[in-house]
Amino acid sequence: MRNSWSNRKLYQTLCRKKTFTDEFEPGKEKLKRVLNIFDLTALGIGSTLGCGVYVLAGTVAKSIAGPAVVLSFIVAAIVSSFSGVCYAEFAGRVPKAGSAYIYSYVTVGEFIAFFIGWTLYIEHTIGTASVAKAMTNYLDALLGDPQKRYFKKHLPMHVDFLGEYPDFASFFFVIFIALIVAWGVKKSSTLNKAFTMLNLLTLATVVASGFFLGKLSNWNIPKSEIPPGVDGGNGGFSPFGWNGIIAGAARCFYGFIGFDSIATTGEETKDPKKTIPLAIVLSLFFVTVAYSSVASVLTLMWPYYDQDPDAPLPVIYANMGMPIIKYMVTCGAVFALMTTLLGCLFPIPRILYAMSSDGLLFKCFSMVNEKTKTPVLATMIAGVGTGLLSSLFNLEQLVEMTSIGTLMSYLMVCVCILILRYKNNNIVSQDLDNSEVHIIYKWWNASNTGLTNKDSQYVSRVLILVYTFAAVIFCICMTNVNDCEGFLKLLLTIIIGISIAFLIISMLMLCRLPQAVENLSFRVPFVPLIPCLSILLNLYLMMELNIKTWMRFGIGIIVGLLIYAFYGVHNSLEGGKQRIINDKEHKQEMKISNN
């Protein structure tokens, strides 16, 4: 009996959910609400529209998609928008600091929330380190590689899993950005807006000059005009076919990572329920337009097969004899990296702050400076950790580990949206009896006109679980079927067919269930189609990552789980008790003041 009670208590601890009040009381908030729609949109654009716009388009155009890289960016934007609108609805539901972590805590439970929060922390830290590394590599190359030559000669690191030399410039640069973030949210936001405007001005110059200098013939180069020995596909607008467009979209998808940094500002935004969803949608729109425009002029100005994969725009302008625009683009790339670095580092202390406030991480992370109204200690610790990663590892190793956390958080948010849409919010119970007719009705609500109840909520969660499990099986088989032969390939093909049937049936059954009636500032359209497609696409991209990436990422996850097991479980329980006591005291104070 005692073991049963202990197991039940452990289960309740792992699955307990966080609650919050909708009203924000003056004097009760630690962080300062100063951000508006312009600030958040600039943050989203700055976080997303970084070095990818100066590098990614040329890389994909050269050997993956050709001029059809424009379509690759549009497909990637559509996939990203599925997760983006889910983030937008959740940000309106839960306007608190912490992004997908707090969303999961409110919807699914504590353990999953900690897992997602820690995953986000690792992902943002590695992503920021990779941007810092890319920036110092870019500047070092621009100056003739003085740091690389000096430290490879005097302080080389002969370790397989580390870089060739310690990148001290990258470390100190990250610390400098961390100091800016800790200085104050409004000040760092102002600096971010300035860098973002310079970045957009540079891109506008590129687009204007590109449409003036571009040639439509570069979008229709026949195969006979491609130089021998060059992998140019079949020529034309889409030289590598539809497969090249999709493969390019998978690569371009990572250029859209970053808009979720907007969702971490829930406690520093004015009117977050309306501002955050709108900022997410606006930033995705502007970033898509920017990527598509740059990809268009890039392939119009210069043949796709002759693009430089590392720095396509400066090389094009150098080849066309336009050094002034070349240096403008070079400076624009520096500002783009600055905005991306600032935007990537900005969410990390907010995630640590949110988890620490709930008792899942050490209390020092939730300390807020009275003058700056920011979590200074969490910001500096995040800066030191990120700086060490960027100084010790090379860029390729960092880039390989960047995307897992983001894809996993996107996946979790989409699942949470489905759970909430079919949640029983009715005060009056409308449970159906167990007659044969009502059982059939419960599992296939043909009328789709009823209100949510405990039965429909239960059915929806079973169907969401079935759909997610079928999606995992489908993605695993799809990513491995082409590498198999004979009977194993036939078996995987059969499993793919069965999983597709489960995916379609479970989604159709979800369509027939009643959804909760709620008054929200933003709602995801076409539910359950959009969240279900997002789940499938995010899982597929996760399965495309190699096993070494998963192993490296797994080490960080194990460290986080150990922190939760030995610190978080006990302290979050104590924190929950304290919150209940504080809520009761506050209610009593409100009653006294009203009387």
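Being a predicted model, the structure only gives us computed values, none of them experimental.

The rules behind these values
- Residues numbered from 1 in each chain as written.
- Predicted model: local features only at pLDDT ≥ 70, side-chain atom pairs only at ≥ 80, totals over all residues.
- Heavy atoms only, no water.
- Salt bridge = Lys/Arg side-chain N within 4 Å of Asp/Glu carboxyl O.
- Helix = DSSP H or I, 4+ residues; strand = E, 2+ residues; numbered from the N terminus.
- Buried < 20%, exposed > 50% of the residue type's maximum accessible area, 1.4 Å probe, protein only.
- Axes fitted to C-alpha atoms, helices over the stretch in contact; angles between N-to-C directions.
- Parallel < 35°, antiparallel > 145°, perpendicular 65-115°, else oblique.
- Contact = heavy atoms within 4.5 Å.
- Phe/Tyr/Trp six-rings, centres within 6.5 Å; stacked < 30°, edge-to-face > 60°.
- Lys NZ or Arg CZ within 6 Å of the ring centre and 35° of its normal.
- pLDDT = per-residue confidence, 0-100.

Caption draft 1: Focus on the pattern of salt bridges. Under the criterion given, the structure shown has three salt bridges. A salt bridge links Arg 421 to Glu 89, with the shortest nitrogen-to-oxygen separation between them at 2.9 Å. Taken as a pair, Arg 421 in helix H17 (residues 403-421) and Glu 89 in helix H4 (residues 69-93) lie far apart in primary sequence, 332 residues in all. For the pair Arg 421 and Glu 89, a shared accessibility class is recorded, and that class is buried. For Asp 167, the salt bridge identified is with Lys 133, shortest N-O distance 3.5 Å.

Caption draft 2: Structural view of the packing of helix H12 (residues 312-319) against helix H13 (residues 323-345). For the pair H12 and H13, the least separation of the axes is 8 Å and the interaxial angle reads 170°. Taken together, the axes of H12 and H13 lie roughly antiparallel to each other. On the side of H12, the interface is formed by Leu 313, Pro 314, Tyr 317 and Ala 318, while H13 contributes Ile 325, Lys 326, Val 329 and Thr 330.

Caption draft 3: View of the packing of aromatic side chains. If you walk through the whole model with that rule in mind, you get 15 aromatic pairs. Relative to Tyr 291, the ring of Phe 73 has its centre 4.8 Å away and its plane inclined at 10°; by these criteria the two rings are stacked. Remark: Tyr 291 occurs in helix H11 (residues 272-301) and Phe 73 occurs in helix H4; sequence separation between them is 218 residues. Judged by relative accessible area, Phe 73 falls into the buried class, the value being 0%. Relative to Tyr 564, the ring of Phe 114 lies with its centre 4.9 Å away and its plane at 35°, an arrangement referred to as tilted. Remark: Tyr 564 occurs in helix H22 (residues 547-594) and Phe 114 occurs in helix H6 (residues 110-142); sequence separation between them is 450 residues. Like Phe 114, the residue Tyr 564 is buried in the burial classification. The ring of Tyr 165 is capped by Lys 133, whose NZ or CZ atom sits 5.6 Å from the centre of that ring. Above the face of the Phe 346 ring, Arg 350 is positioned so that its terminal group lies 4.0 Å from the ring centre.

Caption draft 4: Structural context of the environment of Cys 331. Residue position: Cys 331 is located in helix H13. Note: C-alpha distance between Cys 331 and Leu 198 (133 residues apart in sequence) is 9.2 Å.

Caption draft 5: Spotlight on the confidence of the model for the chain. With 81% of its residues at a pLDDT of 70 or more, the chain shows a mean pLDDT of 78. The element-level mean pLDDT for the chain is lowest in helix H18 (residues 436-443), coming to 52, with helix H20 (residues 486-512) highest at 92. Scored below 50 in pLDDT, residues 21-28 makes eight contacts in the model with residues more than four places away or belonging to other chains. A low-confidence stretch, residues 429-437 (pLDDT under 50), is modelled with eleven contacts involving residues beyond four sequence positions or located in other chains.

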